[in-house]
Amino acid sequence: MLEVSNATLHYGAAQALRGVSLTARAGKITCVLGRNGVGKTSLMRSIVGHHRLTSGSVAFEGKALDRSAAYDRARSGIAFVPQGREIFPLLTVKENLESGFASLKRADRNVPGHVFELFPVLRQMLARRGGDLSGGQQQQLAIGRALVMRPKLLVLDEPTEGIQPSIIKDIGRAIRYLRDQAGIAVLLVEQYLDFCRELADEVYVMDRGQIVHTGPAEDLDKPHVRKFLTV
Amino acid sequence: MISGKFFAAGSDRRIFVAIVLLVAAAIVVPVLNVAVPAGSAFHVPPYMVALVGKYLCYALLALSLDLVWGYCGILSLGHGAFFALGGYAMGMYLMRQIGSRGVYGNPDLPDFMVFLNWKELPWFWYGFDQFWFAALMVMLVPGLLALVFGWFAFRSRVTGVYLSIITQAMTYALLLAFFRNDMGFGGNNGLTDFKDILGFNVQANATRSALFAASAIALALGVFVTWLIVSSKFGKLLIAVRNAESRTRFLGWRAENVKLFAFTVSAVMAGIAGALYVPQVGIINPGEFDPGNSIEVVVWTAVGGRGTIVGPIIGALLVNAGKSWFTGALPELWLFALGGLFVAVTLFLPKGIVGLWDQWRDARAQRQVSVAAEAGTDIDPTPPKIGRAQSGAPTGEWAKPSGGPEPQPAE
Amino acid sequence: MSKSGTILYLDGVSVAFDGFRAINKLSLVLDRGEMRAIIGPNGAGKTTMMDIVTGKTRPDEGEVFFDGQVDLTRHDEAEIAMMGIGRKFQKPTVFDSHTVEDNLVLSLNGPRSIFPALFHRRSAEEARRIDDILGVTRLGDKRGALAANLSHGQKQWLEIGMLLAQDPKLLLVDEPVAGMTDAETEETARLLKDINQTHSIIVVEHDMHFVRELGVKVTCLHEGAVLSEGTLDFVSSDERVMEVYLGR
Amino acid sequence: QEETIKVGVLHSLSGTMAISETTLKDTMLFLIEEQNKKGGLLGKKLEAVVVDPASDWPLFAEKARELIAVDKVSAVFGCWTSVSRKSVLPVFEELNSVLFYPVQYEGEESQRNVFYTGAAPNQQAIPAVDYLMNEEGVERWVLAGTDYVYPQTTNKILQAYLESKGVAKEDIMINYTPFGHSDWQTIVTDIKNFGSAGKKTAVVSTINGDANVPFYKELGNQGIKAEDIPVVAFSVGEEELAGLDTAPLVGHLTAWNYFQSVDTPENTAFIDAWRAFTKNDKRVTNDPMEAHVIGFNMWVKAVEKAGTTDPDAVIDSIIGVSVPNLTGDLSSMMPNHHITKPVLIGEIQADGQMETVWETSGLVVGDEWSDYLPDSKDLIADWRAPLSCGNFNVATGKCGGKGIN
Amino acid sequence: MLVVFTSPASADEAALRAIIAKFAAAQNFKATEAVVQELAATSDPAVERPLAALAEGDLYFRKSDSAVFIGKEAGQAIKLADPLTSAEAGEEPKAAVTKIKVNNALRRSIRDALGGLTLGSPDANARIAAADTMFKTPVAANVEALDAAIAKETIGSVKLKLEQARASSVLVSDLPEDEKLAAIDVIAGIGSRDALSLLTGYETGAEGALKDAASAAVASMNSTLALWASAQNVWYGLSLGSVLLLAAIGLAITFGVMGVINMAHGEMVMLGAYTTFIVQNIIRTSFPGLFDWSLAIALPLAFLVSGAVGLAIERGIIRFLYGRPLETLLATWGVSLILQQAVRSIFGPTNREVGNPSWMSGAFDIGELSVTWNRLWILAFSLAVFFLLLFVMKRTSWGLQMRAVTANRRMASSMGIRTPWVDALTFALGSGIAGIAGVALSQIDNVSPNLGQGYIIDSFMVVVFGGVGNLWGTLVGAFSLGVLNKFLEPYAGAVLGKILVLVLIILFIQKRPRGLFALKGRAVEA
Ligand SMILES: Nc1ncnc2c1ncn2[C@@H]1O[C@H](COP(=O)(O)OP(=O)(O)OP(=O)(O)O)[C@@H](O)[C@H]1O
Ligand SMILES: Nc1ncnc2c1ncn2[C@@H]1O[C@H](COP(=O)(O)OP(=O)(O)OP(=O)(O)O)[C@@H](O)[C@H]1O
Ligand SMILES: NC(N)=O
Ligand SMILES: [Mg+2]
Ligand SMILES: [Mg+2]
């Protein structure tokens with residue numbers, strides 16, 4: 001479904017990605033791990049179109065995306081939950097959710113019920129401005145907003161950050177539900193190892209802008225993989 | 001020692017060069033004007049001296065704006081007011097110097113007061129017959145206004161556009177007030193017909209040269225003071241306030257005092273610029289308070305590159321030289337040329353002229369890095385530290401309340 | 001309740017935003033030298049409580065005292081910071097246009113008025129502390145990088161570093177380990193325990209492993225008030241805490 | 001390249017004053033072309049040096065200096081506002097050149113290097129008030145002006161004059177507005193109310209520039225008719241009226257020294273040539289244009305008389321020079337550097353032209369020092385040797401103003 | 001003036017012609033006036049035609065034979081008509097005839113004369129006009145004529161006017177005191193300024209009971225008029241506010257919503273005004289009948305013109321600057337210089353004439369409140385534009401996308417919003433709205449290259465005072481500044497009033513550092 005090959009990315013003189021290749025399949029959860037600053041976010045942002053790669057390519061459903069703008073990628077079915085939430089602060093919760101309508105046909109323009117099942121607090125706060133929410137509530141809104149887009153590929157950058165334990169469990173359940181019922185591909189960056197281990201079908205471990213390990217979730221317990229996650 | 005750092009090569013060299021050039025100009029230009037005969041190729045015509053002297057005053061004004069805007073994020077749209085107040089203080093001294101040589105021959109009252117039937121000198125004109133008093137007022141009046149205005153505004157946490165607009169309202173209100181004949185500053189015509197300064201004829205060549213030298217020295221001093229401020233820890237604080245004012249508070253800094261200090265120093269600099277400007281152009285009138293003038297100062301600063309010390313100076317010299325030249329050479333089309341210049345600078349020199357220079361240096365440094373990387377050596381890939389306030393990151397000052405347009409790459 | 005001996009004393013504090021009560025008659029006492037972990041559902045009011053302590057938000061009612069006698073509601077942010085209350089924000093907040101090092105320079109404790117800053121020269125002692133902090137936060141090789149260009153986790157570390165540089169009496173730490181690896185989380189817990197030798201600390205976290213690691217008294221907030229307080233085991237076995245926070 | 005005589009043209013082509021001054025620049029180009037057709041001056045061609053001082057007063061000074069010192073022009077024709085003139089005065093004095101200033105102004109000035117070809121207050125304001133008093137029986141006066149020196153001074157003179165004619169203080173209302181004032185509702189209502197006190201009322205307007213259009217529009221809309229409350233304006237000419245629907249304004253008055261509608265052969269010929277030059281058969285003419293025509297012709301004559309363009313020689317030779325004006329008389333340069341002019345009062349017509357309803361029987365000499373201001377009534381200017389003084393005090397017999405009393 | 005109205009005597013036509021012929025010989029206004037009086041004295045309704053023509057400046061005499069005609073300009077010639085019968089009398093070149101000059105004094109006496117003549121006119125409006133004239137210039141002798149007219153009058157409203165005119169004449173007559181007291185009552189009942197000035201004038205000369213009655217009436221009228229005056233002030237304030245609103249509303253989009261410091265905003269307004277000028281010019285030369293529709297036609301065109309220019313500016317310049325809001329100031333300042341000079345080069349530096357369609361001209365009264373039509377329409381128009389815009393911003397998906405894009409362009413793009421489109425269209429919308437503001441402003445202000453400069457400062461002031469990013473703030477800000485200004489103006493004068501408003505804005509911002517309608521809460525501080 002999503003195919004990243006040999007991606008490199010520079011920030012001015014500094015190189016953030018060095019030849020990264022990665023695949024995310026439909027109906028599977030693909031997890032990317034790594035220490036702070038190894039390039040996980042840079043990779044995700046390259047995939048959704050916030051950064052232009054220096055070289056390498058990103059393909060989605062067989063089509064190369066390298067020249068398309070972020071909104072075209074979104075319209076072709078990629079939804080993104082960024083690190084740092086990036087909700088629209090002055091828009092109400094309702095409007096934040098509705099901003100996802102842009103890529104939908106008129107008939108589909110509604111907020112799926114499971115968004116409110118998953119995050120009941122959002123229903124209570126529909127009229128409040130997004131920026132007034134607490135950190136965790138904003139994170140829930142960011143995920144809900146992505147779900148409104150009915151994506152084929154869901155890119156989540158540390159989605160559990162700042163969320164209370166019970167809801168983390170719910171999010172896990174929801175991701176699994178989306179994978180199994182809707183058959184979408186999920187690309188997940190996570191630091192929270194347990195969460196990852198439970199969910200992932202496949203894991204990629206990054207270090208210094210490179211993929212240093214690929215394998216099933218169980219690999220995470222192996223010491224040579226672990227060493228990339230310790231200080 | 002400060003001087004050690006000052007003479008060090010690298011980041012601050014540009015400042016050093018600027019100061020040396022200004023001091024040299026202060027010495028050489030008057031000599032070439034007064035001592036070299038008019039026929040000689042080295043003669044600097046008096047016309048040039050007067051013109052460039054005026055530009056130097058504008059440059060000092062732009063520099064003062066840069067201190068608050070470039071480094072502290074206060075976009076003042078009323079800096080012309082401080083310039084004009086300094087100018088008026090000087091103008092009042094020059095008026096008093098006329099004595100009984102005015103058209104009505106009244107030794108106490110300036111002409112405009114006589115013909116508007118004033119009977120005696122208003123109290124606020126007292127003391128201006130003394131140069132020292134006027135010189136004091138040149139700094140005190142703008143400084144005090146900035147202090148009071150800033151004290152209220154910064155304490156109330158007026159920031160961003162709101163601050164910009166009230167500075168504009170301030171200069172606009174002063175414009176209208178000084179326009180009124182009843183104010184006692186000569187109304188629309190302002191103060192003019194000056195005869196001499198410190199006993200020297202303002203129209204004499206030597207006086208002009210001396211004023212030029214004074215302007216160049218004042219600018220050099222301005223550069224030095226600004227450099228001292230921004231390269232100190234206080235300078236870092238200024239930039240921090242620009243970047244995230246409220247965060248500085250949680251570290252215990254009083255952001256309002258930081259801004260107030262910079263604003264006041266800047267106003268005093270602007271006042272001095274105005275005071276040097278008036279004897280050189282021979283008139284001061286409320287037009288200097290025009291909000292449009294203050295916006296122009298912002299434009300000069302942006303053209304040269306804000307947040308750099310030499311940028312605003314280059315911007316002021318260049319834009320004004322361009323204006324002088326265009327209005328003579330292309331009187332009917334010069335606005336196209338000037339307007340086009342502003343658009344082009346924004347599009348092609350996003351960080352102003354000095355920014356272009358820095359970019360070029362960065363690019364060269366980057367080439368070195370990649371060469372070094374190939375050779376296997378390790379060079380710190382951080383960008384070279386330069387005399388410029390790092391403004392790559394967003395400064396929210398004009399951003400709307402919250403999250404307003406955030407800096408993002410255009411698509 | 002007596003205020004003496006407390007570093008932080010909140011009693012009956014309430015605050016409402018447009019009618020929504022974010023903090024509801026909250027009482028909380030922290031002894032000198034104590035470290036407290038605060039947990040609670042999203043929107044419980046944890047961050048708002050810190051806003052009140054640091055002077056960002058004025059409470060509608062209630063008492064807020066620092067060090068037994070200073071009424072914090074009468075002071076503004078800068079004064080409160082100068083008294084010795086430091087804060088790390090939930091969303092990492094650093095000076096984007098400064099380098100990592102300059103961020104620390106501005107945070108180092110010392111006089112906070114204009115003229116000392118104008119004529120400041122860095123002492124050997126200060127240089128040493130900056131090096132130390134860069135070491136602790138593992139940002140040594142990012143020393144000259146602009147804070148804007150740090151990754152999320154690196155910003156978290158930088159902000160912790162700034163808090164260390166400030167050296168306050170009371171540290172308010174909002175979600176320090178969000179976005180850190182498990183190993184870094186342990187590291188952070190160790191660091192906080194270390195600091196707790198000489199300082200009082202309030203930590204907000206959702207990461208139960210981290211809270212367990214700290215091994216301190218836990219307060220669970222809910223809807224702006226204390227729901228449960230005690231050891232982690234005690235609190236996490238509380239039915240209501242499980243219901244609203246931990247999940248089953 | 002053949003040698004030319006350069007003439008500086010110092011009028012704003014951009015900014016707020018471009019609206020009035022651009023036409024004067026065109027007038028100068030026209031006059032210079034006409035002169036060249038006649039063979040130029042002293043056997044040389046004239047060459048216009050046009051610069052744009054951009055309605056920016058210090059820039060006026062800079063450009064004046066440039067014209068004189070760099071371009072070496074022989075004379076400068078320019079300025080509109082008094083402040084622009086004040087701004088260039090020291091430059092002309094210092095570099096000893098000559099300026100011809102074509103606009104009506106507040107007086108109280110006579111400078112050796114400047115020739116004032118526009119009206120002084122006694123050549124415009126006072127006759128207008130006389131007309132209203134005598135012909136229309138006006139007893140109550142509104143003096144409305146833009147808040148700057150020209151209106152303020154003119155109104156001071158008028159107030160003194162009216163009071164000397166026995167008008168009571170409460171029958172004079174003075175009102176000032178900022179430059180570019182555009183909301184006239186309150187003031188027009190005030191005028192209406194002031195005028196409904198049972199005495200015949202008129203408005204004397206020294207409102208300048210852009211503010212006039214909204215002022216007249218509001219007058220029209222509030223239905224103030226010229227028959228009820230006439231407005232006499234000193235700064236509204238054919239050019240300004242071209243931007244207005246004048247139908248509701250018929251009968252309001254202006255006072256000038258020239259109207260386009262003046263029916264003389266000189267004027268008809270001038271208008272035809274001007275329209276041919278501008279290739280626009282609707283182009284209007286106005287009073288400051290005529291002032292430039294007079295000033296330019298005087299300069300030409302003076303240069304011919306002196307045989308040189310040297311400023312000192314011209315300053316000496318120009319006094320007493322007479323040239324035809326466009327209203328059928330001969331205007332002369334007086335020793336006070338002001339000229340003689342007829343005063344015309346006109347009513348605005350539906351086509352935007354003025355119809356002369358009254359004129360002085362002869363020419364009026366511009367009075368630089370007003371007789372109605374206490375500090376200037378003893379002063380005169382006479383630039384002929386041996387007096388050569390711009391502020392000679394006839395009471396003390398000394399040059400140099402009034403001195404202390 | 002003594003005119004007998006009761007029996008409209010028909011003077012001998014030849015005698016009339018003889019009098020009319022004297023116009024040709026009248027050398028000055030005094031002489032002309034004498035002829036007018038002589039004509040009026042004949043009391044013949046037939047003199048109305050030549051007198052009206054004279055007042056309009058349409059009376060001429062032929063130079064060759066001094067015959068007097070009514071003339072109408074027709075190109076280079078004058079079409080002549082007989083002054084009494086209007087029968088056509090051929091054409092003469094302009095040079096062959098001389099216009100008989102009038103001035104205000106003359107027009108006034110013609111008006112008075114006609115007033116008497118038209119009291120018996122079959123046209124009710126003419127009778128009202130006659131009554132009004134007589135009311136304002138009372139003559140004792142009119143009482144008799146008015147009594148007769150009142151007796152004949154059938155229309156109530158006209159009758160009332162006639163009675164008022166009679167009352168004013170009674171005051172100056174030597175009728176008994178009780179008649180005069182009744183007259184004072186009638187006049188006091190009118191309550192207008194004219195009535196007040198009449199009574200004030202009368203009061204000074206009156207004695208005894210009459211003086212008391214007049215004084216009492218004057219006092220009560222003064223107090224009602226004071227109330228009306230404050231109502232009038234509110235109206236002026238609202239009307240000034242509507243102008244400010246119109247000027248600012250486009251900026252509320254380009255600056256308030258998009259964050260572009262749009263110094264070229266004023267020029268967008270100017271382009272709208274020039275579009276109106278062009279439309280009117282074409283209409284004047286080609287379709288004169290459509291003049292009353294000119295604004296309706298100009299409105300969409302102005303929107304398109306300014307919108308298109310806005311679109312070009314956004315695509316050509318602004319879009320490269322979204323990361324750097326401050327630089328937009330520099331670039332748009334440059335654009336504004338270019339646009340000003342472009343308009344100056346194309347249309348010339350002088351004002352261009354934009355006329356008021358008939359429905360935008362004149363005024364009407366509500367009680368003592370005088371409301372000019374153009375101001376009323378502009379107020380209605382500004383509110384209509386405001387609510388339309390509010391609807392777009394708050395209720396349409398475009399509005400939502402606009403706000404999302406300006407809040408976080410990158411994230412909005414990731415939500416599938418076509419940010420370049422939204423940016424371009426939003427800027428075009430703001431510019432287009434500035435353009436239609438220009439159509440309205442052309443009705444009350446100069447249409448010159450400087451038009452925009454006059455509004456730019458006020459526009460920013462309003463948007464910021466109201467609270468950036470809040471449309472309601474712009475509305476309330478505009479109207480409160482307008483009303484404030486108009487309440488200060490009568491006390492402080494226009495100049496000091498304006499200074500005071502500026503100072504109050506500065507002080508107000510201290511109290512509310514984020515404007516009138518400040519957004520509050522975390523969302524803002526974040
Ligand atoms: N805009 C930028 N300019 C320069 N360097 C950057 C920029 N953004 C990130 N970097 C650097 O690139 C590297 C990778 O950053 P990235 O944000 O991708 O890390 P990450 O793996 O997501 O880390 P974290 O777990 O902390 O979120 C880091 O070293 C960071 O300092
Ligand atoms: N300015 C405000 N306006 C409206 N509601 C607000 C405002 N500030 C906070 N709130 C609400 O108050 C509640 C408490 O927020 P707070 O940020 O303190 O929660 P928290 O406990 O820190 O949650 P989290 O764990 O998600 O960070 C939330 O429901 C939030 O939506
Ligand atoms: N001189 C004038 N009209 O300003
Ligand atoms: Mg990351
Ligand atoms: Mg929180």
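Here the structure is shown first, and the text comes after it.
Since the model is a prediction, treat every value here as computed from it, not as a measurement. (Residues numbered from 1 in each chain as written. Chains lettered and ligands numbered in written order. Predicted model: local features only at pLDDT ≥ 70, side-chain atom pairs only at ≥ 80, totals over all residues. Heavy atoms only, no water.)

Asker: An account of the nonpolar core is needed here, citing residue identities and associated values.
Answerer: Phe234(B), Trp141(D), Trp299(D) and Phe23(E) are the most contacted members of the largest nonpolar core, which has 425 residues in total. Excluding anything up to four places from it in sequence, Trp299(D) contacts Ile5(D), Val7(D), Leu41(D), Leu46(D), Ser74(D), Ala75(D), Phe77(D), Phe100(D), Thr309(D), Val314(D) and Ile318(D). (Core = buried A, V, L, I, M, F, W, Y, C linked by side-chain atoms within 4.5 Å. Buried < 20%, exposed > 50% of the residue type's maximum accessible area, 1.4 Å probe, protein only. Contact = heavy atoms within 4.5 Å.)

Asker: Report on the coordination of the magnesium ion (ligand 4), specifying residues and quantitative values.
Answerer: Looking at the magnesium ion (ligand 4), one finds its protein donor set to be Thr41(A) (OG1) and Gln83(A) (OE1), positioned 1.8 to 2.1 Å from the metal centre. Of this pair, Thr41(A) sits in helix 1 (residues 40–48) while Gln83(A) sits in the loop between strand 6 (78–81) and helix 3 (93–98); the two residues are 42 residues apart in sequence, bridging distant segments of the chain. (Donors = N, O, S within 2.8 Å, 3.2 Å for Na, K, Ca; no water. Helix = DSSP H or I, 4+ residues; strand = E, 2+ residues; numbered from the N terminus.)

Asker: Tell me what's going on with the sheet that holds strand 6 of chain A, and back it up with residues and numbers.
Answerer: Residues and elements named next belong to chain A. Read across the open sheet, the six strands follow the order 6-7-8-3-9-10; overall the sheet is mixed. The outermost strands of the open sheet, each flanked by one partner alone, are strand 6 and strand 10 (210–215). Going across the sheet, the axis of each strand differs from the next one's by a mean of 15°, ignoring polarity. Across five bridges, the pairing between strand 3 (residues 29–34) and strand 9 (residues 202–207) is parallel. Bridge assignment links Val32 to a residue of strand 9, and that residue is Tyr204. (Pairing = 2+ DSSP bridges. Axes fitted to C-alpha atoms, helices over the stretch in contact; angles between N-to-C directions.)

Asker: So what about the interface of chain C and chain A? Which residues, and what values?
Answerer: Contacts between chain C and chain A engage 27 residues on the former and 29 residues on the latter. Summed over both sides, the interface between chain C and chain A buries roughly 2,200 Å², with carbon and sulfur atoms accounting for 49% of that surface. On the chain C side of the interface with chain A, the three residues burying the most area are Asn42(C), His152(C) and Thr181(C), jointly 25% of the side's total. Here chain C is connected to chain A by zero salt bridges. There are 14 residue pairs in polar contact (both at pLDDT 80 or more) connecting chain C and chain A. It is helix 6 (residues 152–166) of chain C that provides the largest number of residues to the side of chain C that touches chain A, a total of four residues. Residue composition of the side of chain C that touches chain A, by class: 10 nonpolar, 12 polar and five charged. (Buried area = accessible area lost by both parts, 1.4 Å probe. Salt bridge = Lys/Arg side-chain N within 4 Å of Asp/Glu carboxyl O. Polar contact = N/O pair within 3.5 Å; in protein donor to acceptor, adjacent residues only side chain to side chain. Nonpolar A, V, L, I, M, F, W, Y, C, P; charged D, E, K, R; others polar.)

Asker: Residues and numbers for the site of ligand 1, please.
Answerer: Close contacts around ligand 1 come from 20 residues, with Lys40(A), Thr41(A), Ser42(A), Ser151(C) and Gly153(C) the closest. More than one chain reaches ligand 1: its neighbouring residues belong to chains A and C. Interatomic distance of 2.9 Å between a backbone N/O atom of Gly39(A) and an oxygen atom of ligand 1. Thr41(A) has a polar side-chain atom sitting 2.5 Å from an oxygen atom of ligand 1. Protein contacts shield 86% of the accessible area of ligand 1, which totals 630 Å² for the unbound molecule. (Near = heavy atom within 4 Å. Areas by Shrake-Rupley, 256 points an atom, 1.4 Å probe, with all protein chains shown as cover.)

Asker: For the site of ligand 2, give the residues involved together with the corresponding values.
Answerer: Around ligand 2 lies a shell of 24 residues, among which Ser134(A), Gly136(A), Thr47(C), Thr48(C) and Arg522(E) are the nearest. With respect to ligand 2, the chains having nearby residues are chains A, C and E. Arg128(A) places a side-chain nitrogen or oxygen 2.8 Å from an oxygen atom of ligand 2. The backbone of Gly45(C) places a nitrogen or oxygen atom 2.8 Å from an oxygen atom of ligand 2. Protein burial of ligand 2: of its 630 Å² of free accessible surface, 98% is covered by the chains. Elements represented by at least two residues in the shell around ligand 2 include exactly helix 6 (135–148) of chain A together with strand 2 (20–31) and helix 1 (46–53) of chain C. Within the shell around ligand 2, the residues separate by chemical class into seven nonpolar, 12 polar and five charged.

Asker: Tell me about the coordination of the magnesium ion (ligand 5), residues and numbers included.
Answerer: Residues and elements named next belong to chain C. Around the magnesium ion (ligand 5), the protein contributes the donor atoms Thr47 (OG1) and Gln90 (OE1), at 1.9 to 2.2 Å from the metal centre. Of this pair, Thr47 sits in helix 1 while Gln90 is found in the loop between strand 6 (85–88) and helix 3 (100–107), placing the two residues 43 residues apart along the sequence. A relative accessible area of 12% means that Gln90 is categorised as buried.

Asker: Before we move on, can you summarise the sheet that holds strand 5 (residues 114–116) of chain D with the specific residues and values?
Answerer: Whenever strands of a sheet pair, they do so through backbone hydrogen bonds, lying parallel or antiparallel. Residues and elements named next belong to chain D. Within the open sheet, the five strands sit side by side as 2-1-3-4-5. Their pairing is parallel. At either end of the open sheet lies a strand with only one pairing partner, and these are strand 2 (45–51) and strand 5. Neighbouring strand axes in the sheet, compared pairwise and without regard to direction, differ in orientation by 25° on average. Both strand 3 (residues 75–78) and strand 4 (residues 99–101) contribute to a ladder of two bridges, which runs parallel. When the bridges of strand 4 are listed, Phe77 appears paired with Phe100. Of the strands in this sheet, strand 1 (4–10), strand 2 and strand 3 are in contact with helix 1 (residues 18–37), which crosses strand 2 at around 165°.

Asker: Which residues make up the interface of chain B and chain E, and what values do they have?
Answerer: The interface of chain B with chain E comprises 56 residues on the first partner and 57 residues on the second. Carbon and sulfur atoms make up 72% of the surface buried where chain B meets chain E, a total of about 5,000 Å² over both sides. Scanning the region where chain B abuts chain E turns up zero salt bridges. If you look at where chain B meets chain E, you find six residue pairs in polar contact (both at pLDDT 80 or more). Mapped by element, the contributors of at least two residues to the side of chain B that touches chain E are helix 6 (131–155), helix 7 (160–179), helix 11 (291–304) and helix 13 (334–348) of chain B.

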